[in-house]
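Fold and contact review
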Amino acid sequence: MSVQKSFVNPDGIAIIKCPQCGIVKNLDVKKFQGKQHALNVRCSCGHAWNLQLDFRRHYRKETKLPGTYKLEAPASGGGLVTILNISRNGVGFSLSGPHVIKIGQKVRLRFTLDDKKHTLIDKLAVIRAIKGAYIGCELSDAQVFQKDLGFYLRP
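This report concerns the structure included in the present document.

Rules behind the numbers
- Residues numbered from 1 in each chain as written.
- Predicted model: local features only at pLDDT ≥ 70, side-chain atom pairs only at ≥ 80, totals over all residues.
- Heavy atoms only, no water.
- Phe/Tyr/Trp six-rings, centres within 6.5 Å; stacked < 30°, edge-to-face > 60°.
- Helix = DSSP H or I, 4+ residues; strand = E, 2+ residues; numbered from the N terminus.
- Buried < 20%, exposed > 50% of the residue type's maximum accessible area, 1.4 Å probe, protein only.
- 1 Å grid on protein atoms, 1.4 Å probe; cavity = no way out; pocket = protein on both sides within 12 Å on 5 of 7 lines; lining within 4 Å.
- Points joined across faces, edges and corners; volume = space filled by probe spheres on them.
- Pairing = 2+ DSSP bridges.
- Axes fitted to C-alpha atoms, helices over the stretch in contact; angles between N-to-C directions.
- Salt bridge = Lys/Arg side-chain N within 4 Å of Asp/Glu carboxyl O.

With that settled, consider the packing of aromatic side chains. Inspection of the entire model under this criterion finds one aromatic pair. Aromatic side chains Tyr 69 and Phe 93 sit 6.4 Å apart centroid to centroid with 25° between the ring planes, which places their arrangement in the stacked category. One end of the pair, Tyr 69, is in strand β6 (residues 61–71); the other, Phe 93, is in strand β8 (residues 90–94), and 24 residues separate them in sequence. Neither residue differs from the other here; Tyr 69 and Phe 93 are each classed as buried.

Put into structure tokens, the structure is as follows:
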């Protein structure tokens, strides 16, 4: 059975499209917030698939962009990263080797978007999650949102 991911808007509505026939429907999924995030869905054409709901405040775009990180004082260190996802207020990245990064540390991330302008992103972030080589962080710059980044993040 195929899997489809759907971003849920602030009103609790997910827009789904049948991968078989292309019918598009709005689905009220408020009752699943904080609970089940995967549903079995069946279209009127008879096709069934799994729907994964994303209740994040902001759309998160999957990427695979090379970049660098540098820990801010009092910590020290840095190196190469792969930016795996980006949202308006967060970034997820992976490191290729062992690290000493801890939750709550500040890090400066620099990477170039794969857009037409090759926009340089240089942001300060706070580490919020660590799962092995995966690091999730929240952007902490006063000017978090930037026009080019907003355009890049459109679904």
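Okay, the layout of surface pockets next. Here the second largest pocket defines a volume of roughly 190 Å³. Residue lining of the second largest pocket: Lys 61, Asp 115, Lys 116, Lys 117, Thr 119, Lys 147, Asp 148, Phe 151 and Tyr 152, and that is the complete set. Among the elements that take part in the lining of the second largest pocket, helix α1 (residues 147–152) stands out by supplying four residues, more than any other.

Take the sheet that holds strand β9 (residues 106–112) next. The strand order β6-β7-β8-β11-β10-β9 describes a closed barrel built from six strands, whose pairing is antiparallel. Recorded for the sheet is a direction-independent mean angle of 45° between the axes of neighbouring strands. With eight bridges connecting them, β6 and strand β7 (residues 78–86) associate as antiparallel partners. Across the sheet, Lys 70 pairs through a bridge with Gly 78, a residue of β7.

Our focus in this paragraph is the pattern of salt bridges. If the charged atoms of two oppositely charged side chains come close together, the side chains can form a pair. For the structure on display, the rule yields four salt bridges. One salt bridge connects Asp 122 with Arg 110, and the closest N-O pair in it is separated by 2.9 Å. Placement of Asp 122 in strand β10 (residues 120–131) and of Arg 110 in strand β9 is noted, with a sequence separation of 12 residues between them. Judged by its relative accessible area of 38%, Arg 110 is partly exposed. Within this structure, Arg 108, Arg 110 and Asp 122 form a network of salt bridges that share partners.

Read these as spatial facts, not as claims about activity.
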